[in-house]
Amino acid sequence: MLDFSYTRARSAEEARAAAGEPAARLLAGGTTLLDLAKCGVERPDTVIDISHLDGLSDILVDGTGASIGALAKMSAVADRADIRHAFPAVSQSLSLAASQQLRNMATIGGNLLQRTRCPYFRDPATFPDCNKRNPGSGCAALGGVTRNQAILGTSDHCIATYHGDLAVALVAFDATVRTDRREVPIDAFFLTPDDRPEQETVLDKGEMITGLTIPATVAARQSTYLKVRDRQSYEFAAASAAIGLDLEADGVTIRDLRVALGGVATKPWRARTVEAALIGKPVRPEIIAEASRLAVEGAVSHGGNHYKIELAPRVVARAILTVAAHLNPDLNPALGETA
Amino acid sequence: MTRTIRLSLDINERRYEIDVEPRVTLLDALRDHAGLSGTKKGCDQGQCGACTCHIDGQRVLSCLTLAAQAEGRKITTIEGIAAANGDLHPVQLAFIEHDAFQCGYCTPGQIMSAVACIREGRTGSDEEIREYMSGNLCRCGAYNSIVAAVREAAEMADA
């Protein structure tokens, strides 16, 4: 691991000032930064430890929504009864991610900023070509092993998947990222690679996430996070879906629906076309299955990741039917075959 | 440009004064500077759980924690969980009873994780134990015995 100096920030202001330096990095949970420093991807010359700062880890939930400080730990948020009640998909997205040790370390702000698990990105010694690491150098993943590369939001310059889970749930429920300078809707916070894969979010150099706001909605309260992966636990998603659903009084017609996908796109992926196609429609497996295919509209296969085009819509459909059956148990026999 | 920094670490309720480079992880500080080699280095990348120890009572990975970050926190390692008179911790006894290891390399991490898992109340079923112990890999594949040991130690803690 590269050499660097260590500073413990005594205040958020001090941290922000120091973080403006070119090769300075903020250190919170450390689970991304130290990992990538060991891989040779991150090469900070100064590490500014913000993990001891007070006042940035509060979790507040009331009738209007949740406010979560940037330094709150993943496990602390996942285990809160009020988060589980008002935002089940958010809680599940956290507890299905990583391991308990990592969840005890990793912070909410850091979780959003986790980097891709693209094996070419993570191995600069073997693969110098990476437009994310070294703009303009090329993309070793194109033509490489693509099983876990993205099918949505890719460009000719980068096909790396955003592997986080929490942000998928946050995108589904229109959360806002708070920084020391502004508030940004989470969908606009993340950027697709286009011709600038190195720019993953709208954060400016030295700008610091201070927290998140998630508005309370019926759909967020009636939600689930379904994560399909190669192992049962401690694995990134092959495809995942955050779903929120509200039904009309008849218990069949869809009043509100939120759909977001993980493990298949270059950023947390909101599937508004699926939502639009299903609002006002009855919960019927064949209707849900057909509309769920819209989730992969425009998907590009790179060979090894072709299975995701088939898998992602199924994950979406199953998650919708699971929430529907939970809301209206009478739907269960009708949904039996696919749910 | 390398310069060492002086750290004062609280490990197993004892104070250790060590001089390390800022980039030194808690794992390397424990093993190479504090002489506490019970905490094991497996992958050194946050994937295997062999380096699990506790900071302020929470299980964490010492390979992804800077030693400097841990200054001012209470660190507990495998060397610090037995009673002062040398009696083993109930989780250690359960691992011996159930033969919950073969080569033993992952065992200190497994035990530190299990102690926390029981304290977190995540031992309601074998399924829950497996889920909440999934951050500790055992390449010998002693998982069935590990689950049995955690289950028994959890039941004893409840009794």
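Just above sits the structure.
Right, let's walk through the structure included here.

Rules of the game
Residues numbered from 1 in each chain as written. Chains lettered and ligands numbered in written order. Predicted model: local features only at pLDDT ≥ 70, side-chain atom pairs only at ≥ 80, totals over all residues. Heavy atoms only, no water. Helix = DSSP H or I, 4+ residues; strand = E, 2+ residues; numbered from the N terminus. Rg over C-alpha atoms; globule rule 2.2 N^0.38 Å. Buried < 20%, exposed > 50% of the residue type's maximum accessible area, 1.4 Å probe, protein only. Contact = heavy atoms within 4.5 Å. Areas by Shrake-Rupley, 256 points an atom, 1.4 Å probe, with all protein chains shown as cover. Phe/Tyr/Trp six-rings, centres within 6.5 Å; stacked < 30°, edge-to-face > 60°. Lys NZ or Arg CZ within 6 Å of the ring centre and 35° of its normal. Pairing = 2+ DSSP bridges. Buried area = accessible area lost by both parts, 1.4 Å probe. Salt bridge = Lys/Arg side-chain N within 4 Å of Asp/Glu carboxyl O. Polar contact = N/O pair within 3.5 Å; in protein donor to acceptor, adjacent residues only side chain to side chain. Patch = residues over 30% accessible without salt bridge, like charges linked within 9 Å, V, L, I, M, F, W, Y side chains within 5 Å.

**Observations regarding the overall build of chain B**
Helix and strand counts for chain B come out as 5 helices and 5 strands. Its helices and strands in sequence order give chain B the pattern β-β-α-β-β-β-α-α-α-α, from N to C terminus. Relative to a compact globule of 159 residues, whose C-alpha radius of gyration would be 15 Å, chain B shows 16 Å and is just as compact. Counting the 159 residues in chain B, one finds 51% classified as buried. In chain B, of all internal contacts separated by at least 6 residues, the share reaching a separation of at least 24 is 53%. When the accessible surface of chain B is totalled, it reaches about 7,200 Å², and 47% of it is carbon and sulfur.

**Some words on the packing of aromatic side chains**
Applying the stated criterion to the full structure yields 3 aromatic pairs over all chains. Between the NZ or CZ atom of R14(B) and the centre of the ring of Y16(B), over which it lies, the distance is 4.5 Å.

**Points about the sheet that holds strand β9 (residues 223-228) of chain A**
All names here are of chain A. Taken together, the 4 strands give an open sheet; going across it, the order is β9-β10-β11-β12, and neighbouring strands pair in antiparallel fashion. Looking at the sheet topology across the chains shown, the edges are occupied by β9 and β12 (269-270). Judged from the 2 bridges that link them, strand β11 (residues 254-262) and β12 form a sheet pairing that is antiparallel. Opposite A260, over in β12, you have R270 as the bridge partner.

**Quick notes on the interface of chain A and chain B**
Interface size is commonly expressed as the accessible surface area that is lost when the partners come together. Counting residues at the interface gives 35 residues for chain A and 34 residues for chain B. Summed over both sides, the interface between chain A and chain B buries roughly 2,800 Å², with carbon and sulfur atoms accounting for 48% of that surface. Of all residues in chain A, the largest losses of buried area upon contact with chain B belong to D3(A), K38(A) and Q101(A), amounting jointly to 23% of the total for that side. For the pair chain A and chain B, the number of links is 2 salt bridges. D79(A) serves as the salt-bridge partner of R122(B), at 2.9 Å between the closest nitrogen and oxygen. Counting the contacts that link chain A with chain B gives 17 residue pairs in polar contact (both at pLDDT 80 or more). Contributions of two or more residues to the side of chain A that touches chain B are made by β1 (5-8), α2 (33-39), β3 (46-49) and α6 (100-105) of chain A. Counting residues per element, the side of chain A that touches chain B draws most heavily on α6(A), which supplies 6 residues.

**A short note on a nonpolar patch on the surface**
A contiguous nonpolar surface patch, about 270 Å² in accessible area, is contributed by L88(B), L93(B) and I96(B). Tracing the backbone shows L88(B) in the loop between β5 (74-76) and α2 (90-97).

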